[in-house]
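# Structural overview for review
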Amino acid sequence: MALLASGTFRRTPLERSDQRVSWERTDQAFFSSGACHILAWTCRDAHPDQGIELASLYLLGEQHPLHTYARWNGWAFDASGWNSEAELRRVNAEFEGRAVERVERIDVDLAEFCRLHVHRMPHQYWRDPIPRARAYVARFTPPWEA
């Protein structure tokens, strides 16, 4: 799968206001914009013995993350599958036309992350996104198995 910036799938005003409309987008769109944090936590949980970390990209001057993803040994997993973490940063910065100011390792649990960054918890989606995220993670061969 081609690596695409998360902003490629940025939600429309209708998708932001109606959880069902947002839910009905393709998996790649849903997990690129609006549920990237759910996908990242699910990826880490799917591979508990691999030492996967979670990280967020921040654009210059922004308080909240642009995009959240799982990372392992220079690789990043998001809605575009497994790609080089450096390439993920580059593609997102190019799409946004602004520098990625920092990559922040996430050291809090999902609930605290959502509280700090005004993100939805799984129970706040139209349907439970965890089974959908598990199925999506399973589509991709991780780099340690390639």
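Structure's up top.
The paragraphs below set out a description of the structure included in this document. Computed from a predicted structure; not experimentally measured. (Residues numbered from 1 in each chain as written. Predicted model: local features only at pLDDT ≥ 70, side-chain atom pairs only at ≥ 80, totals over all residues. Heavy atoms only, no water.)

### Remarks on the packing of aromatic side chains
Put simply, the rule reads: Classification of ring pairs uses Phe, Tyr and Trp, with its six-membered ring standing for Trp, and accepts pairs whose centres are within 6.5 Å; under 30 degrees between planes counts as stacked, over 60 as edge-to-face, and the remaining range as tilted. A run of H or I in DSSP counts as a helix once it spans at least four residues, and a run of E counts as a strand once it spans at least two, with each numbered from the N terminus. Buried, partly exposed and exposed residues are distinguished by accessible area as a fraction of the type maximum, computed with a 1.4 Å probe on protein chains only: under 20%, between the cut-offs, and over 50%, respectively. Over a ring means this: the NZ of a Lys or the CZ of an Arg is within 6 Å of the ring centre and within 35 degrees of the ring normal.
Applying the stated rule across the entire model yields 11 aromatic pairs. Measuring from ring centre to ring centre gives 5.6 Å for tryptophan 82 and tryptophan 144, while their planes differ by 75°; the resulting arrangement is edge-to-face. Here tryptophan 82 is found in strand E4 (residues 81–84), whereas its partner tryptophan 144 is found in the segment after helix H7 (129–138), with 62 residues between them in sequence. Classification of tryptophan 144 by relative accessible area gives partly exposed; the value is 22%. Three or more aromatic residues joined by ring pairs make a cluster, and in this case those are Trp23, Phe30, Phe31, Trp72, Phe77, Trp82, Tyr125, Trp126, Tyr136, Phe140 and Trp144. Stacked on the ring of tyrosine 58, the Lys or Arg arginine 102 has its end atom at 3.9 Å from the ring centre.

### Overview of the packing of helix H4 (residues 36–46) against helix H6 (residues 110–117)
To keep it simple, the criterion reads: An axis is simply a line fitted to the C-alpha atoms; with a helix, the fit covers only the stretch in contact. Between two such axes, the angle follows the N-to-C directions and lies from 0 to 180 degrees. Working definition: roughly parallel below 35 degrees, roughly antiparallel above 145 degrees, roughly perpendicular at 65 to 115 degrees, and oblique for all remaining angles. Handedness of each helix crossing follows the sense of rotation of the near helix against the far helix: counterclockwise by less than a right angle gives left-handed, clockwise gives right-handed. For this analysis, residues touch if any pair of their heavy atoms sits within 4.5 Å. For this classification, the nonpolar set comprises Ala, Val, Leu, Ile, Met, Phe, Trp, Tyr, Cys and Pro, the charged set comprises Asp, Glu, Lys and Arg, and every other residue, Gly included, is treated as polar.
Across the interface, H4 lies against H6 with an axial gap of 11 Å and an inter-helix angle of 160°. Classified by the interaxial angle, the pair formed by H4 and H6 is roughly antiparallel. Handedness of the crossing formed by H4 with H6: right-handed. Contact residues: His37, Ile38 and Trp41 in H4; Leu110, Phe113 and Cys114 in H6. For the contact of H4 with H6, a count of residues per class yields five nonpolar, one polar and no charged.

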